[in-house]
Number of protein chains: 2
Amino acid sequence: MGAREVGLPELAPFPEPHTLPERVTIWEVGARDGLQNESTVVPVEVKLEFLDRLADAGLTVLEATSFVHPRWVPQLADAEELMRRLSRRAGVRYPVLVPNERGLERAVAAGVEQIAVFASATESFARRNLNRGLDEQFAMFEPVVGRAVSAEGMAVTGYVSMCFGDPWEGAVSADQVVRVGLRLFDLGCSRLSLGDTIGVATPGQVTRLLTAFADAGVAMADLSVHFHDTYGQALANTLTALRLGVSNVDSSAGGLGGCPYAESATGNLATEDLVWMLDGLGIQHGVDLDALVRTSVWMAERLGRPSPSRVVRALGGGRG
Amino acid sequence: MGAREVGLPELAPFPEPHTLPERVTIWEVGARDGLQNESTVVPVEVKLEFLDRLADAGLTVLEATSFVHPRWVPQLADAEELMRRLSRRAGVRYPVLVPNERGLERAVAAGVEQIAVFASATESFARRNLNRGLDEQFAMFEPVVGRAVSAEGMAVTGYVSMCFGDPWEGAVSADQVVRVGLRLFDLGCSRLSLGDTIGVATPGQVTRLLTAFADAGVAMADLSVHFHDTYGQALANTLTALRLGVSNVDSSAGGLGGCPYAESATGNLATEDLVWMLDGLGIQHGVDLDALVRTSVWMAERLGRPSPSRVVRALGGGRG
C-alpha cells in the first residue's frame, strides 16, 4: 500500500523558513548519463518513448544523448538516429553531450540546439577519462565551446566531474574546482554543472564549494549541482545547495545510471526522490510525480532490474 | 572498487558553518525495530552476535528487543532469553520496548535498565496499533512509565509514531504531535523519539515540528529523531534536525526493518549512511564504519536479502 493512496497527496507543503528557491529547474539526465552507465543497450525506440514520457511528465530539460565516439559509449551509438526521430516539444530543451569538434559537427548536423562538455576537476580523471592532463583538457574544449557559442548560438554547459572526491586523488580542493570552473566560463560556457561523480560528498563540503564559487563572483543561478547517491548523500547535498540559492538540479528518472568505478553503486540522484522533497518544501518544478514513477517503472522493466529510487519502489507497487 | 580503497579515508571533514552538534549519539535500533519488521525470524544466537558486533563497532545505545506479547511480534518472542544471555558491555546501554505493565514486569525480571514506550500521534494509528484511542493510550502508559521511573529508576523514552503523516489521516499537525509529546513528558518520559513511521516527511516539516517543540519549552537535547527512508528523505530530514540542535538520532544498521504498511518500502535510516554524513561534517559519533559495514553484510547474509543501505552496498563489495 503506497501512502499516497490513503490520503497523503493532500499533505500540504511546509516551506523551510530559510532561503530556498521558489522554483527549481530539473535537468533530467536519465536518457544520457543514466543509460550510458547501464550495462543493457536500450533500442532507440525505447529511448524515444522514454524521452516522450519524460516530457509528458512535465520535465523541460532532457539531456538526450551524447555525440561521443560509439567505440567509447556503445550504449549511445544511435545519437544521430535518436535526434532525427525525436519529436521535439515546445518548451522542452534537449541538450546533448559533445566531447570534441567531431562530436560538435555531428551534433550540429543532427539539429542539436544546446550542448554540454565534460571536464574533469582532477588530473587523474582527466588522464583516464579524457586522455590528457588537467590543463590540456581546455585546449580540447576551446574550439568546441567557441564554435558552439559563436557560430551556432548555443548555450553550453560545462560539466565538472570529480568536484568533491576522486578515486585516485582522494579529496578535491574547492580552489581547484573553482579554477577549472572559471576556465570553462572563460571559454564561453554559460553554466557549470558541479558533479560528485563518485557520490562521496557531504553537506559541509557542498557548502564550502558553493561558497568558494560565490567568493569568485559566480552567481548561484549559473550553477547546477549533480549528485550521485552512492553513499546515500545525494538529497541531503541537494538540500544544502538549494539553501545556498542553487535552483538548477541534475537528476535521473528512477535513479538510472551509476558510477562505472563501483560495481554495486547506485546511480544519480533519482528525480522522483528530488520531486518528493521539492513537493514537501513547496518548491515549484512542474513535474507530475505519478507519471514520472510510471515512466521509471516502465523503464525498469525494459532494463530488467529494479529502480534504485526509494519513491519509485514505494509508489511503483513493487514493480519499480 | 570502493572509493575508500583508493584514498578517500583521507577526505577531511568539512563542518557546516551553521549550528551543528559537535557529537551525535546514535540510537541503534536494528536489533529491535529492524528485526521486528523483517519477515525472517532470526535465531537468538544471531541476535546476540549482532548486538556484540554492534557494540564492537562502537555503538553505545543498542535497542535490544521488545517485551511485547509474542503473539503480536513473533520475531522478538525470545526477549527473555536474549536479555539473559546478553553480555552487557560497560558504557553501552540496552533499552528495550515495553508496551504495557506485563511487559514492564517481564523487562524488570530480565534485568532491563532502560525502556521505551510506543505512542501514536494519531487517533487512527492508536486504534490500529494499540487498540485504543489517542487519549486512552496515556492511561496504558501511565503505570508503566510511573513504575519504571519511580520504582525502578529507569530512563524512559517515549516513541511518538506517525509524527508527520499517517496512512489513514494524511498530514499530522505539529500541534497534535506536541500535545502527545508533552503528555509523555508529564508521565515521566525523559526523552521523546519523534518517528516518521511511513517516511513521508520533508525538511520543512521537520523544521516546523522541532520549532513547535522548542516553542513549547522542550529542549532539543531531550528529543531524538527517527526517520524512515521510504521516500528517500531520511538523511535530508536528519540533517535538518541536526541543524536545529538535535543530537540524538535513531538509525538501523544496514537500514534493517521497514514499514509493514508499505510492502516494498525501505526501512529505517541506515546507520552507515548517517555515519558517512557525520564523518563528512566532522561530527563525532564513535562508530567504526568499516566494522559496522561488515556487520551489516553479515546480517544481510543471514536474512538472505541485500541491505538497502547505500553505504553498505558501495563498501560491502557487492555483498551488502
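Calculation criteria
- Residues numbered from 1 in each chain as written.
- Chains lettered and ligands numbered in written order.
- Predicted model: local features only at pLDDT ≥ 70, side-chain atom pairs only at ≥ 80, totals over all residues.
- Heavy atoms only, no water.
- UniProt positions renumbered as here; feature names shortened; annotations may be inferred.
- Pairing = 2+ DSSP bridges.
- Helix = DSSP H or I, 4+ residues; strand = E, 2+ residues; numbered from the N terminus.
- Phe/Tyr/Trp six-rings, centres within 6.5 Å; stacked < 30°, edge-to-face > 60°.
- Buried < 20%, exposed > 50% of the residue type's maximum accessible area, 1.4 Å probe, protein only.
- Lys NZ or Arg CZ within 6 Å of the ring centre and 35° of its normal.
- Contact = heavy atoms within 4.5 Å.

For chain A, the name recorded in an unreviewed UniProt entry is Hydroxymethylglutaryl-CoA lyase, with Goodfellowiella coeruleoviolacea as its organism. The annotation that UniProt attaches to chain A under Sequence similarities (unreviewed entry) is "Belongs to the HMG-CoA lyase family."

Residue and element names in this part refer to chain B. In spatial order, the strands read 2-1-10-9-8-5-4-3; together these eight strands make up an open sheet with parallel pairing. Edge positions in the open sheet fall to strand 2 (61-62) and strand 3 (96-97), since each of these has one partner strand only. Pairing of strand 9 (residues 223-227) with strand 10 (residues 248-251) involves three bridges; the strand directions are parallel. Within strand 10, the position partnered with His226 by the bridge is Asp250.

A few words now on the packing of aromatic side chains. If you walk through the whole model with that rule in mind, you get ten aromatic pairs over all chains. Aromatic pair Phe125(A) and Trp168(A): ring centres 6.3 Å apart, planes at 20°, arrangement stacked. With a gap of 43 residues between them, Phe125(A) in helix 5 (residues 123-130) and Trp168(A) in the loop between strand 6 (165-166) and strand 7 (170-171) connect regions that are remote in the sequence. According to the relative accessible area criterion, Phe125(A) is buried, its value standing at 4%. Judged by its relative accessible area of 25%, Trp168(A) falls in the partly exposed class. Among the aromatic residues, those joined into a ring-pair cluster are Phe118(A), Phe125(A), Tyr159(A) and Trp168(A). Above the ring of Trp72(A), the side-chain terminus of Arg71(A) is found at 5.6 Å from the ring centroid. Lying over the aromatic face of Trp27(B), Arg93(B) brings its terminal NZ or CZ to 5.4 Å of the ring centre.

Residue and element names in this part refer to chain A. As for its placement among the helices and strands, Ser309 is situated in the loop between helix 11 (289-303) and helix 12 (310-315). Here Ser309 falls in the buried class, since its relative accessible area comes to 1%. Each residue touching Ser309, except ones within four places of it in the same chain, is listed here: Gly254, Gly255, Ala270, Glu272 and Asp273.

Time to look at the environment of Phe50(A). Residue and element names in this part refer to chain A. Here Phe50 shows up in helix 2 (residues 44-56). For the pair Phe50 and Arg128, spaced 78 residues apart in sequence, the C-alpha to C-alpha distance is 31 Å. Those residues in contact with Phe50, other than ones at most four positions away along the chain, are Gly30, Ala31, Leu35, Ala253, Leu256, Thr295, Trp298 and Met299.

Read from one edge to the other, the open sheet built from eight strands follows the order 2-1-10-9-8-5-4-3 (chain A), with strand pairing classed as parallel. Edge positions in the open sheet fall to strand 2 (61-62) and strand 3 (96-97) of chain A, since each of these has one partner strand only.

Attention now goes to unusual backbone geometry. A positive phi angle is found at Met162(A), which is not glycine, with a value near 60°. Counting through the fold element by element, Met162(A) comes out in the loop between strand 5 (155-161) and strand 6. Taking relative accessible area as the criterion, Met162(A) reaches 0% and is therefore assigned buried. Unusually for a residue other than glycine, Asn131(B) sits at a positive phi of about 60°.

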